Amino acid sequence: MSRRPVNPTRRLGDGGSIPFVATIQDKSRNSPLLSIGLVVVGAILLIGYCYSSSGGASSGIKDVSKLEGGASCTAEVLQALPVLKKAYGDSLHKVLHVGPDSCSLVSSLLKEEDTEAWGIEPYELDDVSAKCKKLVRKGVVRVADIKFPLPYRPKSFSLVIVSDALDYLSPRYLNKTLPELARVSSDGIVIFSGYPGQQRARGGEVAKFGRPAKLRSSSWWIRFFVQSSLEENESAIKKFEQASTKRAYKPACQVFHLKSYP
Ligand SMILES: *[C@@H]1O[C@H](CO)[C@@H](O)[C@H](O)[C@H]1NC(C)=O
Ligand SMILES: *[C@@H]1O[C@H](CO)[C@@H](O)[C@H](O)[C@H]1NC(C)=O
């Protein structure tokens, strides 16, 4: 015999809440103080709701980290956004994000002024929000395996931002994917990648991404860029560092700035 787990929302709806309401009504009839209390609580909840819904980027950050359930460089991109704006200025007007939880990041980027944003979600989307489904339906976010050529013309985007995704690729595939990222961008690629030894969400990771993340050192990455004839963008590195210092921002992920192909 199989037992189905009880759905807690069903249980509440099935009558659990009715006695609760009755109790409140009972008491409020007897005590005017309680009804005043309820009005005050209601007002506080309403104000709280208004504040949280105007939270914009900060609520976006929460969404991302919640989805990932652990350290996430996609969430880090949002934290770094003001610094990226300083380093890239106008180049941030047409952005492609590549990485897990792309929907959350793209929705946040679309709230920015003068920013168009698209996303590539490299892995199956399971259990996504209605908002994400809408972005996918409109083709703003695509689910695509980044081991294969990207479905965009050369220089389709000013800036390509990648988070987490490359950590799951072996050097053989990186060799194909990195030049693709350079091909579809015009003003550069920004790579957010985990530090070696960084704690990652483990649950279902291998099932979802095909292999566990391999977090490589910065010297490994730099050697790989040189091998693939991709140059670091010194001016972007410098501007990013200056803006980080000014805002006392310390990235929780490694950040690399590469040039697009001329
Ligand atoms: C990647 O490409 C570089 C240069 O084209 C080559 O030297 C290197 O062996 C390649 N690595 C792999 C794992 O295919
Ligand atoms: C280097 O970065 C700057 C932003 O700091 C950007 O405007 C420029 O286009 C980048 N250069 C290349 C070749 O990607």
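Residues numbered from 1 in each chain as written. Chains lettered and ligands numbered in written order. Predicted model: local features only at pLDDT ≥ 70, side-chain atom pairs only at ≥ 80, totals over all residues.

Under the annotation held in an unreviewed UniProt entry, the chain carries the name Putative S-adenosyl-L-methionine-dependent methyltransferase and is attributed to Lupinus albus.

### Comments concerning unusual backbone geometry
Positive phi outside glycine occurs at D164, with the angle close to 65°. Take D164: it is sitting in the loop between β4 (159–163) and α7 (171–184). Of note in the backbone geometry, S229 takes a positive phi value of approximately 55° without being a glycine. When you line up the elements, S229 lands in the loop between α9 (218–227) and α10 (234–246). Judged by local crowding, S229 falls into the exposed class, with 10 C-beta atoms found within 10 Å. (Helix = DSSP H or I, 4+ residues; strand = E, 2+ residues; numbered from the N terminus. Buried ≥ 20, exposed ≤ 12 C-beta atoms within 10 Å, placed from the backbone.)

### Focus: the site of ligand 1
Every residue near ligand 1 is listed here: P171, R172, N175, Q227 and S228. Broken down by element, the shell around ligand 1 gets its largest block of residues, three residues, from α7. Here the residues of the shell around ligand 1 are counted per class, giving one nonpolar, three polar and one charged. (Near = placed C-beta within 6 Å. Nonpolar A, V, L, I, M, F, W, Y, C, P; charged D, E, K, R; others polar.)

### Notes on the packing of helix α4 (residues 73–88) against α10
Contact geometry of α4 with α10 gives a least axis separation of 8 Å together with a crossing angle of 135°. One way to sum up the angle between α4 and α10 is to call them oblique. The crossing of α4 and α10 is right-handed. Residue-level contacts link V83, K86, A87 and Y88 of α4 to A236, K239, F240, A243 and S244 of α10. The residue makeup of the contact of α4 with α10, split by class, is six nonpolar, one polar and two charged. (Axes fitted to C-alpha atoms, helices over the stretch in contact; angles between N-to-C directions. Parallel < 35°, antiparallel > 145°, perpendicular 65-115°, else oblique. Left-handed = near helix turned anticlockwise from the far one by under 90°. Contact = placed C-beta atoms within 7 Å.)

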